[in-house]
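An overview of the molecular structure
What follows is the residue order along each chain.
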Amino acid sequence: MSDPRFILALDQGTTSSRSIVFDRAGQQVSAAQQEFTQHYPRPGWVEHDANEIWTTQRQTMEDALARSGGTAKDVAAIGITNQRETLVVWDRGSGEPVAPAIVWQDRRTSDDCARWVEQGLESRVTEITGLRLDPYFTGSKLAWLLRHVNGLKTKAESGQVLAGTIDTWLIWKLTDGAVHATDASNASRTLLFNLSTGDWDQEMLELFGVPHAMLPEVRDSSGEFGRVADGLPAAGVPITGVAGDQHAALFGQACFEPGMAKNTYGTGCFLLMQTGTEMVRSQNNLLTTVAWRLNGRMEYALEGSVFVAGAAVQWMRDELKLVESAEQLSELAGSVPDANGAILVPAFAGLGAPHWDPYARGTLVGLTRGTNRAHLCRAVLDSIALQSADLIAAMEKDAGVPLQELRVDGGASRSAALMQIQADLLGSPVVRPVEVETTALGAAYLAGLGVGWWSDRGEIARAWKADTKFTRQRPIDELDRLRRDWAKAVERAKHWEESSHEK
Ligand SMILES: Nc1ncnc2c1ncn2[C@@H]1O[C@H](COP(=O)(O)OP(=O)(O)O)[C@@H](O)[C@H]1O
Ligand SMILES: O=P(O)(O)OC[C@H](O)CO
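Let me sum up the structure you'll find in this document. (Residues numbered from 1 in each chain as written. Chains lettered and ligands numbered in written order. Predicted model: local features only at pLDDT ≥ 70, side-chain atom pairs only at ≥ 80, totals over all residues. Heavy atoms only, no water.)

**Some details on the overall build of the protein chain**
Summing up its helical and strand segments, the protein chain has 16 helices and 23 strands in all. Computed over the C-alpha atoms, the radius of gyration of the protein chain is 22 Å, within 12% of the 23 Å expected from 2.2 N^0.38 for a compact globule of 503 residues. Overall size of the protein chain, expressed as C-alpha extent along the three principal axes, is 65 × 55 × 45 Å. A total of 503 residues make up the protein chain; the buried ones form 62% of that total. Sequence-distant contacts in the protein chain: of pairs separated by 6 or more residues, those separated by 24 or more amount to 72%. Accessible surface, the protein chain as shown: approximately 19000 Å² in total, 47% of it carbon and sulfur. Averaging the locations of the 49 positively and 64 negatively charged side chains of the protein chain gives two centres separated by 2 Å. (Helix = DSSP H or I, 4+ residues; strand = E, 2+ residues; numbered from the N terminus. Rg over C-alpha atoms; globule rule 2.2 N^0.38 Å. Buried < 20%, exposed > 50% of the residue type's maximum accessible area, 1.4 Å probe, protein only. Contact = heavy atoms within 4.5 Å. Areas by Shrake-Rupley, 256 points an atom, 1.4 Å probe, with all protein chains shown as cover. Lys, Arg positive; Asp, Glu negative; His and termini not counted. Charge placed at Lys NZ, Arg CZ, Asp CG, Glu CD.)

Below is the structure:
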């Protein structure tokens, strides 16, 4: 029998489930993608149906494999990467979720977080977890669910119900309930994980009222998690790579040296800078996170998270119906030299780093009678690049040195207009690689390292290839003006929604 030819990467994102088959050269062989339903049951709430996440993921596995012309026997390993922080709680016996998955964008725990901040808990939480008391992270969502679902806490204490982020849920489904595990990168997004010890933290579990018995085992990001159960696509194939999607993208971008950074332009924007085995504490409102854990050793990253980026493009297309496609928006935005003074702050789900204001809401300012559709399109792309520029400025302050280059990926990095705006604002080169599906590629690399397909990271770094390099074109005084206007507009967006005790 011939050796397996492929690695199968599962990329479970916020709006779609994807499966991509890669060959030994790290080239895509085939892919399949399925969107799934977003539920907004109340203002500020965002939910997913965990069963729909599973069925779409399973279907894309089947489709990608069929399109590759191979079977399970051709697949050496599976890598999983996923939207992070989103919480699933399910019954160990039936495998049924006890409630809809609470998505990372969900703001229902804003008041809880504000209360904990008022109680002076944030600095201790940051010291242990590297994160902030923001509804973004899993811990406050789990605390909420344990308080709101009758009898859940008792079941959690006895291990009858289990909790997990999306990686854990998929591993559970793929192994037919045999494995309840996560990797250190996903665990580091929960507010329950101790960045120094590399395990769940008792003090945080007590703060959020989370019983240890419901949590998964924390493992390396590369190594065997289990095998796919009989009757499923890729049955018998080992799962040997798991990482949160932004961590996988950092890996897929071969950012292996401290100081190397990538920005992923998807639904949100996530800028991560590798800091090696050193844990850098941000003085500028960024997060400290586990980049990955390999051979029991954690490496860390600084992260800036922007909640709404490509989602603002979708809002223009789906809600305002000003364009028919993202490509058209990008083209219109590129047809004008600037937004003619219009500034959009897409704080639809509050503001993430470096502002951390869950009560901020979207705002559009600077409109005149001359503002046209192309200007609004341009304002959308500007808003993505300006939010990222704020993150980069914070990161450069923490690092003490300017970025050498910014490696970019994600769906919206396809927009040359956006990448040019980013390079104008940044000053350092913005480099787009040949393979922009770096999230899935990173998961494939982690899985491949786990089965000895690639010898080491050096081999992966050599495979990374730049495609397009964007450098600054616009005069600096214009850019300074834009940044000043942006800072003013952000102030207008902040603290718009009232917390319930203000109402
Ligand atoms: N040419 C483009 N110009 C601007 N935005 C784009 C373009 N193509 C895709 N996008 C945006 O990128 C996002 C999809 O990127 P993707 O990496 O698939 O996101 P995610 O993994 O978060 O679901 C969408 O929000 C879409 O609006
Ligand atoms: O699914 P994406 O690509 O929007 O990524 C979501 C992030 O992991 C949220 O932290």
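**Focus: the site of ligand 1**
In the vicinity of ligand 1 lie 14 residues, with T15, R18, T267, G310 and G411 positioned nearest. Here an oxygen atom of ligand 1 sits 3.0 Å away from a polar atom, N or O, in the side chain of T15. Here an oxygen atom of ligand 1 sits 2.9 Å away from a polar atom, N or O, in the main chain of G411. A per-element tally of the shell around ligand 1 places helix α10 (residues 310-318) first, with 4 residues. The residue inventory of the shell around ligand 1, partitioned by class, reads 4 nonpolar, 9 polar and 1 charged. (Near = heavy atom within 4 Å. Polar contact = N/O pair within 3.5 Å; in protein donor to acceptor, adjacent residues only side chain to side chain. Nonpolar A, V, L, I, M, F, W, Y, C, P; charged D, E, K, R; others polar.)

**Some details on the pairing of strand β8 (residues 161-164)**
Two faces belong to every sheet, and in a regular strand the side chains alternate between them. What you see with β8 is no split at all: V161 and A163 on one side and L162 and G164 on the other are buried throughout. Relative to β8, strand β6 (residues 88-91) runs antiparallel, the two being bridged by 4 bridges. Residue pairing in the sheet places W90 in a bridge with L162 of β8. (Pairing = 2+ DSSP bridges.)

**Let's talk about helix α12 (residues 373-399)**
The terminal C-alpha atoms of α12, which comprises 27 residues, lie 39 Å apart, in line with the 39 Å expected from a rise of 1.5 Å per residue. Extensive coverage of α12 is indicated by the burial of 21 of its 27 residues. You can read the cap of α12 off the contacts: a side-chain oxygen lies 3.0 Å from the backbone nitrogen of A374, and it is on N372. (Expected span 1.5 Å × (residues − 1).)

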